[in-house]
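# Tertiary structure, described
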Amino acid sequence: MPRRPRLTGAATAALALGLVAAAPAPGSEPPVGDARVVARFDPAAGQRPENIAPAPDGSADLTFAFARTVARVAPDGTRTTRATLPAVTGAATPLVRGAVVTGIARAHDGTLYVNYATGTRATGIWRISPGGTPEQIAGLPPDGFPNGLALDGRRGVLYAADSVHGTVWRVPVSGGPATAWAHRTELRPARAGAFGANGLKVHRGAVWVSNTDRGTLLRVPVREDGSAGTPETRARGLDGIDDFTFPGAGRTVLAALNGSNQVVLVGRDGGHTVVLTAADGLAGPTSVAVRGRTVYVPSAAYRVQRDPNLLLARLRYHFGRL
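Presented here is an overview of the structure given in this document. (Residues numbered from 1 in each chain as written. Predicted model: local features only at pLDDT ≥ 70, side-chain atom pairs only at ≥ 80, totals over all residues. Heavy atoms only, no water.)

In this section: empty space enclosed by the protein. A water-sized probe, rolled over the atoms, reveals where empty space remains. For the structure on display, the rule yields one cavity of 30 Å³ or more. Each pocket or cavity is described by its volume, and for the largest cavity that value is around 30 Å³. Taken together, Trp208, Leu217, Arg234, Arg251, Val253, Val266, Gly267 and Arg268 make up the lining of the largest cavity. (1 Å grid on protein atoms, 1.4 Å probe; cavity = no way out; pocket = protein on both sides within 12 Å on 5 of 7 lines; lining within 4 Å. Points joined across faces, edges and corners; volume = space filled by probe spheres on them.)

Judged by how many residues are buried, strand β16 (residues 206–211) sits mostly within the fold: six of six residues are covered. On β16, burial covers both faces: Ala206, Trp208 and Ser210 on one face and Val207, Val209 and Asn211 on the other are all buried. As judged from the four bridges shared by strand β15 (residues 197–202) and β16, these two strands associate in the antiparallel manner. The partner of Leu200 across the bridge, within β16, is Val209. As consecutive antiparallel partners, β15 and β16 are separated by three residues, and within that stretch Arg204 has a phi angle of approximately 50 degrees, a positive value. (Buried < 20%, exposed > 50% of the residue type's maximum accessible area, 1.4 Å probe, protein only. Helix = DSSP H or I, 4+ residues; strand = E, 2+ residues; numbered from the N terminus. Pairing = 2+ DSSP bridges.)

Quick look at the packing of aromatic side chains now. Under the defined criterion, the tally for this structure stands at seven aromatic pairs. With a centroid separation of 5.9 Å and an interplanar angle of 80 degrees, the aromatic rings of Tyr116 and Trp126 are classed as edge-to-face. One end of the pair, Tyr116, is in strand β8 (residues 112–117); the other, Trp126, is in strand β9 (residues 124–128), with 10 residues separating them in the sequence. Residue classification places Trp126 among the buried residues on the basis of a relative accessible area of 8%. Where Phe244 meets Phe246, the ring centres are 6.2 Å apart and the plane angle is 80 degrees; that geometry is what we call edge-to-face. As far as the burial class goes, Phe244 and Phe246 line up, both buried. Stacked on the ring of Phe244, the Lys or Arg Lys201 has its end atom at 5.5 Å from the ring centre. (Phe/Tyr/Trp six-rings, centres within 6.5 Å; stacked < 30°, edge-to-face > 60°. Lys NZ or Arg CZ within 6 Å of the ring centre and 35° of its normal.)

Strand order in this open sheet of four strands is β11-β12-β13-β14, and the pairing throughout is antiparallel. Only two strands of the sheet have a single partner each, and these edge strands are β11 (146–152) and β14 (179–183). Averaged over all pairs of adjacent strands, the angle between strand axes in this sheet comes to 25 degrees, irrespective of strand direction. When β11 meets strand β12 (residues 157–162), the two strands line up antiparallel, connected through five bridges. Across the sheet, residue Pro146 finds its bridge partner in β12, namely Asp162. (Axes fitted to C-alpha atoms, helices over the stretch in contact; angles between N-to-C directions.)

Reading across from one edge, β3-β4-β5-β6 is the order of the four strands in this open sheet, with antiparallel pairing throughout. Because the sheet does not close on itself, it has two edges, and the strands there are β3 (49–54) and β6 (79–84). Between one strand axis and the next, the sheet turns through 25 degrees on average, direction left out of account. In the sheet, strand β5 (residues 69–73) pairs with β6 via five bridges, with the strands oriented antiparallel. Bridging across to β6, Val73 finds its partner in Arg79.

Next up on the list: the layout of surface pockets. Looking at the largest pocket, its volume works out to about 900 Å³. Secondary structure elements with two or more residues in the lining of the largest pocket: β3, β7 (100–106), β11, β15, β19 (241–245) and β23 (289–291). The residue makeup of the lining of the largest pocket, split by class, is 17 nonpolar, seven polar and six charged. Estimated volume of the second largest pocket: approximately 450 Å³. Lining the second largest pocket are 23 residues; nearest its centre among them are Phe195, Thr212, Asp242, Asn258 and Tyr302. Mapped by element, the contributors of at least two residues to the lining of the second largest pocket are β7 and β19. The residue makeup of the lining of the second largest pocket, split by class, is nine nonpolar, eight polar and six charged. (Nonpolar A, V, L, I, M, F, W, Y, C, P; charged D, E, K, R; others polar.)

So far we have only geometry, and geometry alone does not tell us how the molecule works.
Structure, rendered in structure tokens:
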């Protein structure tokens, strides 16, 4: 029997994160690299990129929170407006006061779904069909703050995280009344006036949710009957975590830490490693997306108040099912 090769500390760490090297070998280079800012936006025009949905051609659809718009940004930075949500008289959104477009999810046919928080009856989930105008398909509590949004195509439902009420709402993808799918202490902010449940993804039979105020990443199993299981805390100490994504089929996560201006790689053991910082061009990252080997990171510059942008980087490893 051939002698088993000895793993270096870096290689062992890579295996723990579920990484499989493409080239180069694990540990010889950081898992994310070649970062570059491809588009810069105008904060005076409300162009604070909040959430992102990559498209098959390499472009990405972005929600510009205070501009109430969805824009498509090409890999070269060229952008076009996809849709503008209707203006609201007397907007009084909790936490931010003005009307904002937040989470976005994309269906296979190109239909987009976005959360719109207004403090009025316009608060809820809106559908943007290809070539169509935005239409509200579900109302959510006006005194809440719908934030992260995810589509479960297999079950035909949308999940929306409410940062004020500590609730995950579920809505049929065809539209209709919203159901409070999960309402737990773990999803609520620890302090009044702070953001609780924020980013949200559906992954391997569970709904994953970040809690910004508590700095946690939660996994809520979806039971066979579709109801919510007991939340599991998968990671702690993620200061100012916003939205996140899964770079592979496993439980490794790439998360945007708005509070510390970083993107981190969170391993299956809950530990995390910084992979992108302000030195790479981050300016208050709000979300992360991956398509193929490309990493997309919008920065809204809410705290630093300069240079909101879209950054692209490259995954150097394949991520396995660990």
